Amino acid sequence: MNRAAYSDIIPSFLQTTKEHVLGELVQKSELTVEQNQINAWSQEIDILKKALISFDGWIFLEYSIPRMGRRVDAILLIGSVIFVIEFKVGERNFHKQAIDQVWDYALDLKNFHEPSHDAYIAPILVPTLATKMPEIRLSIPANDKLFAPICCTVQNLNEILSLIYDTIREKPIEYTRWIEGRYSPTPTIIEAAMALYNGHSVKDISRTDAGAINLKQTSDVISSIICETQKRSRKAICFVTGVPGAGKTLVGLNIATKHIDKENALHSVYLSGNGPLVAILREALARDKLQRMQAIGQRGRKSQILSEVKTFIQNVHHFRDECLRDMNHPPLEHVVLFDEAQRAWNQIQTSRFMRQKKKIPLFNESEPEYLISCMDRHPDWAVIVCLVGGGQEIHTGEAGIGEWIDALIKRFRNWTIYLSPMLTDSEYGAGEVPFPLNKF
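For clarity, every value in this text was computed on a predicted model and none was experimentally measured. For every chain, the first residue of its written sequence is number 1, and the numbers climb from 1 along that sequence. A pLDDT threshold of at least 70 governs which residues receive local features in this predicted model, and a stricter bar of 80 or more applies before side-chain atom pairs are shown or counted, although totals over entire chains, interfaces and linings include all residues. To obtain the side-chain values, all non-hydrogen atoms of the structure were included, while hydrogens and water were left out.

### Side note on the pattern of salt bridges
Phase 1: What counts as a salt bridge is simple: a side-chain nitrogen of Lys or Arg found within 4 Å of a carboxyl oxygen of Asp or Glu. In the structure shown here, the tally under the stated rule is 13 salt bridges.
Phase 2: Across the salt bridge formed by E367 and R320, the nearest N and O atoms sit 3.4 Å from each other. In this pair, E367 sits in helix α15 (residues 367-376) while R320 sits in helix α13 (residues 316-325), placing the two residues 47 residues apart along the sequence.
Phase 3: Overlapping salt bridges bring together E365, E369, K410 and R411 as one network. Note on conventions: DSSP H or I runs of at least 4 residues are helices, E runs of at least 2 residues are strands, and numbering of each starts at the N terminus.

Structure representation (structure tokens):
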């Protein structure tokens, strides 16, 4: 099944009318298409038709990265390079959040799309009203074949594509294999999780390229917030943004693996709605520990080890359902880490689910409000860490990060909020927060 709303060879795309391409994009969209989206697509098509006039290869519009729940504006397969293009229609500036977004898309392709693992990938950001682009110092990526994000104007897009195409003249991408490529994670996240589970620090495994955020610093700040919140018997929520690629997951896993012991007051759990990722991480960690035990002559059962792993890596929906079964007591954990927190459901979607699946007819809370209320049951202290991906499409029923903020304003003003400075920017959709915040 084609993952793109529109795909074709580039020469055919150049000969196809814009109206026909727009018709396919609208027809294959999973959501109701507003006029402003159609206008944006129209501009993007015009830009690409001019930029690709001298190229051969494949074009994919609104490409869905396998199992990541994200759609890339445009992907071009030209020669031996995958170009990942993010347009910001009507924007004049190269905002950091937008740069992180296109970098994130490129990392997801590299890490989760099997034919892209070993390919050259060039992420390009194009604000449509930008008139001047930053100076580019193009260098060929050494090991991972992933270019640093390139900031480009509409007028320079053809030039940038040509420059990279002429620079990388290796074996061309096998188009059929790429198009039929399946979801398959690289060992990166798995190996990193194993290292954390084995007692290594996040500093030992964190990325060192210019696009990466210092994961150790982020993890240390969160750890200090947890300790301070426990010490003062308070409740706190942290919103962490801007960590590209696997970074957000590693931050969550780093905290969770530090506090595996359920008898410890700081016992933590990493929660994700990405079921395949949860299953893969659990299986990999259990197998790895069993092999290490056997290597030193210790006996162990995989099922027992897997049970231990499940205590700190869980599906967020299973956590929610367990809290529903026992509404009079708090969860065992005082610290929960919600990955991709912007994808929690709004009140309408949550109420519909509770009514149809859980037979609770009068449920009137959004998922963020309910999840906060579960942790608010603790009589002493609790910490929620929301790991937030920026610049992502919010699907029908997903609340966005603003719903978390609204719930705190409406019901949980006693909670201390720790906030990334970028969270109120438009890429994250938190909106304005009308009370003092702690920024880190």
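### Some points on the packing of helix α3 (residues 35-51) against helix α5 (residues 157-167)
Phase 1: To obtain an axis, a line is fitted to C-alpha atoms, over the contacting stretch when the element is a helix, and the angle between two such axes runs from 0 to 180 degrees between their N-to-C directions. Look at α3 against α5: their axes get within 8 Å of each other, and the N-to-C directions meet at 50°. Comparing the axis directions of α3 and α5 gives the class oblique. Helix-helix and strand crossings are classified by hand; for α3 and α5 the assignment is right-handed. Here I47, K50 and A51 of α3 lie close against α5, whose contacting residues are L157, N158 and L161. For classification purposes, angles smaller than 35 degrees are called roughly parallel, those larger than 145 roughly antiparallel, those between 65 and 115 roughly perpendicular, and all remaining angles oblique. Should the near helix be turned anticlockwise from the far one by less than a right angle, the crossing is left-handed, and should it be turned clockwise, the crossing is right-handed. What makes two residues a contact is simply this: any of their non-hydrogen atoms within 4.5 Å.

### Describing unusual backbone geometry
Most peptide bonds are trans, and most residues other than glycine sit at a negative phi.
Phase 1: Positioned with a positive phi, E62 is a non-glycine residue whose angle comes to about 55°.
Phase 2: Assignment of secondary structure puts E62 in strand β2 (residues 58-64).
Phase 3: Unusually for a residue other than glycine, S233 sits at a positive phi of about 50°.

### Overview of the sheet that holds strand β1 (residues 4-9)
Phase 1: The strand order across the open sheet built from six strands is β1-β2-β3-β4-β5-β6, with neighbouring strands paired in mixed fashion. Edge positions in the sheet fall to β1 and β6 (150-151), since each has one partner strand and no second.
Phase 2: In terms of strand pairing, strand β4 (residues 81-88) meets strand β5 (residues 120-127) through eight bridges, oriented parallel. Bridge pairing in β5 places E86 opposite L125. Pairing between strands is defined by DSSP: at least two bridges between the two strands are required.

### Focus: helix α4 (residues 96-112)
Phase 1: How far a helix is expected to stretch is found by multiplying one less than its residue total by 1.5 Å. For α4, built from 17 residues, the straight-helix expectation of 24 Å at 1.5 Å per residue is met to within 8% by its first-to-last C-alpha distance of 24 Å.
Phase 2: Across the 17 residues that make up α4, a large majority, 15, are buried. Buried, partly exposed and exposed residues are distinguished by accessible area as a fraction of the type maximum, computed with a 1.4 Å probe on protein chains only: under 20%, between the cut-offs, and over 50%, respectively.

### Re the packing of aromatic side chains
Phase 1: Stacked, edge-to-face and tilted labels apply to pairs of Phe, Tyr and Trp rings (six-membered ring for Trp) whose centres lie within 6.5 Å, assigned for plane angles under 30 degrees, over 60, and everything in between, in that order. The tally for this structure, following the rule as stated, stands at 11 aromatic pairs.
Phase 2: An angle of 15° between the planes, with centres 5.9 Å apart, marks the rings of W58 and F60 as stacked.
Phase 3: Centroid distance Y63 to W178: 5.3 Å. Interplanar angle 35°. Geometry classified as tilted. Of this pair, Y63 sits in strand β2 while W178 sits in helix α6 (residues 175-179), and the two are 115 residues apart along the sequence.
Phase 4: For Y63, a relative accessible area of 2% corresponds to the buried category.

Everything listed is a geometric property; what it means functionally is a separate question.
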